[in-house]
Number of protein chains: 2
Amino acid sequence: MFVHLEEVQLTGYDVTPIGRVESPLVDRAMAPKQGDEGAPDADLVFDAGVADGAKDLRPGTDVLVLTWLDRAARNVLVVHPRGDLTRPETGVFSTRSPDRPNPIGLHRVTIRAVDGLRVRVSNLEALDGTPILDVKPVLDRETER
Amino acid sequence: MFVHLEEVQLTGYDVTPIGRVESPLVDRAMAPKQGDEGAPDADLVFDAGVADGAKDLRPGTDVLVLTWLDRAARNVLVVHPRGDLTRPETGVFSTRSPDRPNPIGLHRVTIRAVDGLRVRVSNLEALDGTPILDVKPVLDRETER
């Protein structure tokens, strides 16, 4: 079920992709719901303009990747969690649904290899071509995802 | 030291605040670097238009709050971590610096109380008035932040 936003904010901010995901996952139907549910390895391909920002990414490091889920629906406020119609409708801010007002994906991955602007990571459930907005280090290896 | 982006992407996406932070923190100089370094309790005040999305937020729950760090500098690609000039310059994607191309803040907090569109949370280091972009549940209480 879809619920439409009744109010639209007049002010917004422009996010600019810093790169793209290259992945064998090409549509939502084949993508796992979460990265630890069988997602493949994928590449983060950074734009040359942000090379300095990515220069200290190292294999073996866990990072948080923020993406723009460009195939999500932004007018959704309640969903059945994980698309399971037997579960009650839940506000999207209590779910990880990609469909939400600002469809920012949050993915915890491990860096496998670095080749210039191309960074191979494990267990990324984002689709091929998904814009990357940010990469952040995990603050505490044991407690973050 | 500031490094300017040499390339500007032609395509971007518009993020729309879903609410604002109300906090005693009013400037960066007084804000802790991370939420577990003495940040105060603060309120997430949701816009009425996204009320359905927030309806299932409950006291005692840990959530991830995504904010737009509207007082950050977006033309920064390398920083001295934590502003410590004795530490080597590091690419921002290997730091939690608020200054970065897309200044999206990621905060793990615990919900203390819910009063309609106002949600009291613990340990939020975002400044008063910071736009909120998204709230997501923690997938694994032990392993996420």
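The structure we're discussing is the one just above.
About the thresholds
- Residues numbered from 1 in each chain as written.
- Chains lettered and ligands numbered in written order.
- Predicted model: local features only at pLDDT ≥ 70, side-chain atom pairs only at ≥ 80, totals over all residues.
- Heavy atoms only, no water.
- Phe/Tyr/Trp six-rings, centres within 6.5 Å; stacked < 30°, edge-to-face > 60°.
- Helix = DSSP H or I, 4+ residues; strand = E, 2+ residues; numbered from the N terminus.
- Buried < 20%, exposed > 50% of the residue type's maximum accessible area, 1.4 Å probe, protein only.
- Pairing = 2+ DSSP bridges.
- Axes fitted to C-alpha atoms, helices over the stretch in contact; angles between N-to-C directions.
- Least-squares fit on C-alpha atoms with pLDDT ≥ 70 in both.
- Contact = heavy atoms within 4.5 Å.
- Salt bridge = Lys/Arg side-chain N within 4 Å of Asp/Glu carboxyl O.
- Buried area = accessible area lost by both parts, 1.4 Å probe.
- Polar contact = N/O pair within 3.5 Å; in protein donor to acceptor, adjacent residues only side chain to side chain.

K.L.:
I would appreciate a short explanation of the packing of aromatic side chains in the present structure.
P.N.:
The way to describe two aromatic rings as a pair is by their centre distance and the angle between their planes. For the structure on display, the rule yields 4 aromatic pairs over all chains. Ring centres 5.4 Å apart and planes at 25° place the aromatic pair Tyr13(A) and Trp68(B) in the stacked group. Taken together, the positions of Tyr13(A) in strand S1 (residues 13-15) and Trp68(B) in strand S4 (residues 62-68) put the pair across two chains. Under the relative-accessibility criterion, Tyr13(A) is labelled partly exposed at 22%. When its relative accessible area of 3% is taken as the criterion, Trp68(B) is described as buried.

K.L.:
Can you help me understand the sheet that holds strand S8 (residues 118-121) of chain B in this one?
P.N.:
All names here are of chain B. A barrel is described by the order of its strands in space; here 6 strands give the closed sequence S2-S3-S8-S7-S4-S9, paired in antiparallel fashion. For this sheet the average axis-to-axis angle between neighbouring strands, irrespective of direction, equals 45°. Examined bridge by bridge, S4 and strand S9 (residues 131-137) share 5 bridges and lie antiparallel to one another. Looking at the pairing, Thr67 lines up with Ile132 of S9.

K.L.:
Sorry, what's going on with the sheet that holds strand S8 (residues 118-121) of chain A here?
P.N.:
All names here are of chain A. The antiparallel closed barrel is built from 6 strands, whose spatial order is S2-S3-S8-S7-S4-S9. Each strand axis lies, on average, 45° off the axis of its neighbour in the sheet, ignoring direction. Of the strand pairs in this sheet, strand S3 (residues 42-46) and S8 are connected by 4 bridges, and their pairing is antiparallel. Bridge pairing links Val45 to Arg118 in S8.

K.L.:
It is not clear to me how the relation of the copies chain B and chain A should be interpreted in this structure. Could you clarify?
P.N.:
There are two copies of the chain, and a rotation about an axis plus a shift along that axis relates them. Rotating chain B by 180° and translating it 0.0 Å along the rotation axis places it on chain A, where the RMSD comes to 0.0 Å. On this basis, the relationship between the two copies can be described by a two-fold rotation axis. Comparing interface residues between copies, 100% of those in chain B also lie at the interface in chain A; the contact surface is shared.

K.L.:
Explain the pattern of salt bridges to me, please; I cannot follow it from the model alone.
P.N.:
A side chain with one charge can pair with a side chain of the opposite charge if their charged atoms come near. Applying the stated criterion across every chain, the model contains 18 salt bridges over all chains. The salt bridge involving Asp56(A) is made with Lys55(A); its shortest N-O contact spans 3.0 Å. Lys55(A) gets classed as partly exposed once you look at its relative accessible area, which sits at 39%. Residues Asp134(A) and Arg100(B) are paired through a salt bridge, measuring 2.9 Å at the closest nitrogen-oxygen approach.

K.L.:
Explanation requested: the interface of chain B and chain A in the structure shown.
P.N.:
How big an interface is tends to be stated in terms of the accessible area lost upon association of its parts. Tallying the contact residues gives 59 residues for chain B and 60 residues for chain A. Roughly 5,300 Å² of surface becomes buried between chain B and chain A when both sides are summed, with 55% attributable to carbon and sulfur atoms. Here chain B and chain A share 2 salt bridges between them. Here chain B is connected to chain A by 26 residue pairs in polar contact (both at pLDDT 80 or more). Mapped by element, the contributors of at least two residues to the side of chain B that touches chain A are strand S1 (13-15), helix H1 (51-54), S4, strand S6 (90-91), strand S7 (104-115) and S9 of chain B.

K.L.:
What exactly am I supposed to notice about the side chain of His80(A) here?
P.N.:
Residues and elements named next belong to chain A. Mapped onto the fold, His80 is located in the loop between strand S5 (78-79) and strand S6 (90-91). At 2.6 Å, the side chain of His80 and the backbone oxygen of Arg87 are in polar contact. With residues near it in sequence (within four places) discarded, His80 still touches Leu85, Arg87, Pro88 and Glu89.

K.L.:
Help me understand the side chain of Thr95(A), please; the structure alone is not making it clear to me.
P.N.:
Examined against the element boundaries, Thr95(A) turns out to sit in the loop between S6 and strand S7 (104-115). The class for Thr95(A) is buried, based on a relative accessible area of 7%. Among the polar contacts made by the side chain of Thr95(A), one reaches the main-chain amide nitrogen of Ser97(A) at a distance of 3.0 Å. Not counting the four nearest positions on each side in its chain, Thr95(A) is found in contact with Val79(A), Pro81(A), Thr90(A), Arg100(A), Lys136(B) and Pro137(B).

K.L.:
Honestly, the environment of Glu22(A) in this entry has me stumped. Any pointers?
P.N.:
Residues and elements named next belong to chain A. Topologically, Glu22 is positioned in strand S2 (residues 19-22). Separated by 20 residues in sequence, Glu22 and Ala42 place their C-alpha atoms 5.8 Å apart. One polar contact links Glu22 to Arg118, side chain to side chain, over a distance of 2.9 Å.

K.L.:
Even after reading the chapter, I still don't get the environment of Leu133(A), so can you show me in this structure?
P.N.:
Along the chain, the position of Leu133(A) falls in strand S9 (residues 131-137). For Leu133(A), a relative accessible area of 0% gives the class buried. Leu133(A) sits 112 residues away from Val21(A) along the chain, and the two C-alpha atoms are 11 Å apart. If sequence neighbours within four positions are ignored, Leu133(A) has contacts with Val15(A), Thr16(A), Pro17(A), Ile18(A), Leu66(A), Thr67(A), Trp68(A), Ile104(A), Asn102(B) and Ile104(B).

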